[in-house]
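The residues making up each chain are set out below.
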Amino acid sequence: MSSRTPLIAGNWKMHKTGSQAVEAANQLRILVEATRAVEVMIAPTYTALYQVAQTLKGSNIALGAQDLYWEKQGAFTGEISSEMLADAGCSHVIIGHSERRQFFGETDETVNRKIRAALADNLIPVFCIGESETQREAGETFSVLDKQVRDGLKDLGFGDLTGLVVAYEPVWAIGTGKTATREQAQETHRFIRSLLETLFGKPFAGVVRILYGGSVKPDNVRALMEMPDVDGALVGGASLDPETFSKLVFFND
Ligand code: PGA
C-alpha cells in the first residue's frame, strides 16, 4: 500500500438525472461520512453538478466534472469552461477519458490544452491515459503511455502540476469486466511514476497519485490497492450504486 492518501473517484458518465444524482449523492454522503483516511470524489454529468454541489456541502466528498473546454468564454456552442465548473462547485475534472478519445475526437493535444485550462482555474485534473487491447498485445503499452504522458503534460513544469492526479485505465478493462491483474497494474503504474520522475523530478513523482481504472469492483479493489504504486481507483459502473461505491471507499476494512 502506498503512503499517499488514496483517492477513490466515481465517474458517473452519462447516467442519472439531476434528482437521481442528488439522491445518490445524499446516500453516499451518509455512507462514507466516517472515512478520513481516503479521499472521495464523484463526477456526475454537467446538468447535475450544481445540485449535487449543494448536496455535498460540508461533506468529505469532492465534486468533479467529466470534461471541460479550454477557452474561457465565447462562441463555442455546447462547451463548458473551467471557470464555469469551479463556479458550479467542482474541485476536480476528469480529462482525456478513453471514451472521449475514442468517440469525441480527443487527442493528446486537446488533453494538454484542457489540463492547462483546469490548472489555471485551480481545478485538479484527473488525467486519464491507457492503451488499447491491440496495443497491449503488440507490446506497445509503455510507448503508448510514454507519448500520452509527454504530450498531455507538454510545456508544463513541476510548479504547475500541484494536485494533478493521473488515472491509468487500460481501455480493454473499461466496462468489460476484465481487470488488469494487480501485477500488471503495479508494473504500469511504476513505469508511469518513473517517467514522471524523469520529466518533473523526484519530489513530484513521490507525491503524485496514480489511480487505476477499469472494472474496479468491491471484490478486486483491495488486491489492487495493496500494490505500492496504486494510489486509488477511478470507477465507472461500480460507482453508480452508493452502497457498492462505499464498499470501494472502505476497501481497507
Ligand atoms: P468501469 O469504468 O469501472 O465501468 O470499467 C471505468 C472508467 O471508465 O473510468
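Please read all numbers here as calculations on a predicted model, not as lab measurements.

K.L.:
Now, about the site of the ligand: what can you tell me, with residues and values included?
P.N.:
Around the ligand sit 13 residues, and of these Lys13, His97, Glu169, Gly175 and Ser215 come closest. Contact between the ligand and Glu169: an oxygen atom at 2.6 Å from a side-chain N or O atom of the residue. Gly175 is positioned with one of its backbone polar atoms (N or O) 2.6 Å from an oxygen atom of the ligand. Its free accessible area being 280 Å², the ligand has 97% of it covered by the protein chains. In terms of residue class, the shell around the ligand is made up of 4 nonpolar, 7 polar and 2 charged.

K.L.:
Describe the packing of aromatic side chains, listing the residues and the values that go with them.
P.N.:
All told, the structure shown has 7 aromatic pairs when counted by the stated rule. Geometrically, the ring pair formed by Tyr69 and Trp70 is tilted, given 4.5 Å between the ring centres and 35° between the ring planes. Ring centres of Phe200 and Phe204 lie 5.6 Å apart, and the angle between their planes is 75°; on these two criteria the pair is classed as edge-to-face. As far as burial versus exposure is concerned, Phe200 and Phe204 are alike and both buried. By the ring-pair criterion, three or more aromatic residues cluster together here, those being Tyr69, Trp70 and Phe76. Positioned above the aromatic ring of Trp12 is the side chain of Lys16, whose terminal nitrogen or guanidinium carbon lies 5.3 Å from the ring centre.

K.L.:
Summarise the sheet that holds strand β2 (residues 39–43); cite the residues concerned and give the values.
P.N.:
Note on sheets: strands pair through backbone hydrogen bonds, and any given pair is parallel or antiparallel. Spatially, 8 strands are ordered β1-β2-β3-β4-β5-β6-β7-β8 in a closed barrel, and the strand pairing comes out parallel. Across the sheet, the axes of successive neighbouring strands diverge by a mean angle of 25°, strand direction being ignored. Summarising the sheet, strand β1 (residues 7–11) and strand β8 (residues 232–235) pair through 4 bridges and their orientation is parallel. Of the residues in β8, the one forming a bridge with Ala9 is Leu234. Against the sheet, helix α11 (residues 242–249) engages β1, β2 and β8, with an angle of about 155° to β1.

K.L.:
Describe in detail the pairing of strand β4 (residues 92–95), supporting the description with residues and values.
P.N.:
Residues His92 and Ile94 of β4 are buried on one face, and the alternating residues Val93 and Ile95, pointing to the opposite face, are buried as well. In this structure, strand β3 (residues 61–65) lies alongside β4, joined through 2 bridges in parallel fashion. Bridged to Ala65 within β4 is Val93. With helix α3 (residues 82–88) bridging β3 and its parallel neighbour β4, the resulting β-α-β unit is right-handed. Bridge analysis of β4 against strand β5 (residues 124–129) gives 4 bridges, and the strand direction is parallel. Within the sheet, the bridge partner assigned to His92 lies in β5 and is Ile124.

K.L.:
Tell me what's going on with helix α8 (residues 182–200), and back it up with residues and numbers.
P.N.:
Its 19 residues give α8 an end-to-end C-alpha distance of 26 Å, which sits within 8% of 27 Å, the value for a rise of 1.5 Å per residue. Every buried residue of α8 is accounted for by Ala185, Gln186, Thr188, His189, Ile192, Arg193, Leu195, Leu196 and Phe200. Positive backbone phi, approximately 95°, marks Gly201, located one or two places after α8.

K.L.:
Break down the packing of helix α5 (residues 108–120) against helix α7 (residues 141–152) for me, with residues and values.
P.N.:
Helices that pack against each other are described as a pair by the angle of their axes relative to one another and the distance between those axes. Two elements in contact, α5 and α7, have axes whose closest approach is 8 Å; the angle formed by their N-to-C orientations is 40°. Between α5 and α7, the crossing angle belongs to the class labelled oblique. Note that α5 runs across α7; the crossing there is right-handed. Of the residues in α7, those touching α5 at Asp108, Val111, Asn112 and Ile115 are Lys147, Gln148, Asp151 and Gly152.

K.L.:
Tell me about helix α2 (residues 49–56), and please be specific about residues and values.
P.N.:
Looking only at α2, the buried set comprises Leu49, Val52, Ala53, Thr55 and Leu56. Summarising the axial view, the buried residues of α2 lie within an arc of 160°, below the 170-degree limit, and thus occupy one face. Of the surrounding secondary structure, the elements contacted by the buried residues of α2 are α1 (18–32), β2, β3 and α3. At the exit of α2 stands Gly58, carrying a positive phi of roughly 80°.

K.L.:
Let's hear about unusual backbone geometry: which residues, and what values?
P.N.:
A positive phi angle, close to 75°, is found at Lys16, a residue other than glycine. Mapped onto the elements, Lys16 comes out in the loop between β1 and α1. Using a relative accessible area of 22% as the deciding quantity, one classes Lys16 as partly exposed.

What counts, and at which threshold
Residues numbered from 1 in each chain as written. Predicted model: local features only at pLDDT ≥ 70, side-chain atom pairs only at ≥ 80, totals over all residues. Heavy atoms only, no water. Near = heavy atom within 4 Å. Polar contact = N/O pair within 3.5 Å; in protein donor to acceptor, adjacent residues only side chain to side chain. Areas by Shrake-Rupley, 256 points an atom, 1.4 Å probe, with all protein chains shown as cover. Nonpolar A, V, L, I, M, F, W, Y, C, P; charged D, E, K, R; others polar. Phe/Tyr/Trp six-rings, centres within 6.5 Å; stacked < 30°, edge-to-face > 60°. Buried < 20%, exposed > 50% of the residue type's maximum accessible area, 1.4 Å probe, protein only. Lys NZ or Arg CZ within 6 Å of the ring centre and 35° of its normal. Pairing = 2+ DSSP bridges. Helix = DSSP H or I, 4+ residues; strand = E, 2+ residues; numbered from the N terminus. Axes fitted to C-alpha atoms, helices over the stretch in contact; angles between N-to-C directions. Contact = heavy atoms within 4.5 Å. Right-handed = clockwise from strand over helix to strand, strands pointing away. Expected span 1.5 Å × (residues − 1). Parallel < 35°, antiparallel > 145°, perpendicular 65-115°, else oblique. Left-handed = near helix turned anticlockwise from the far one by under 90°. Arc of directions from axis to C-beta.

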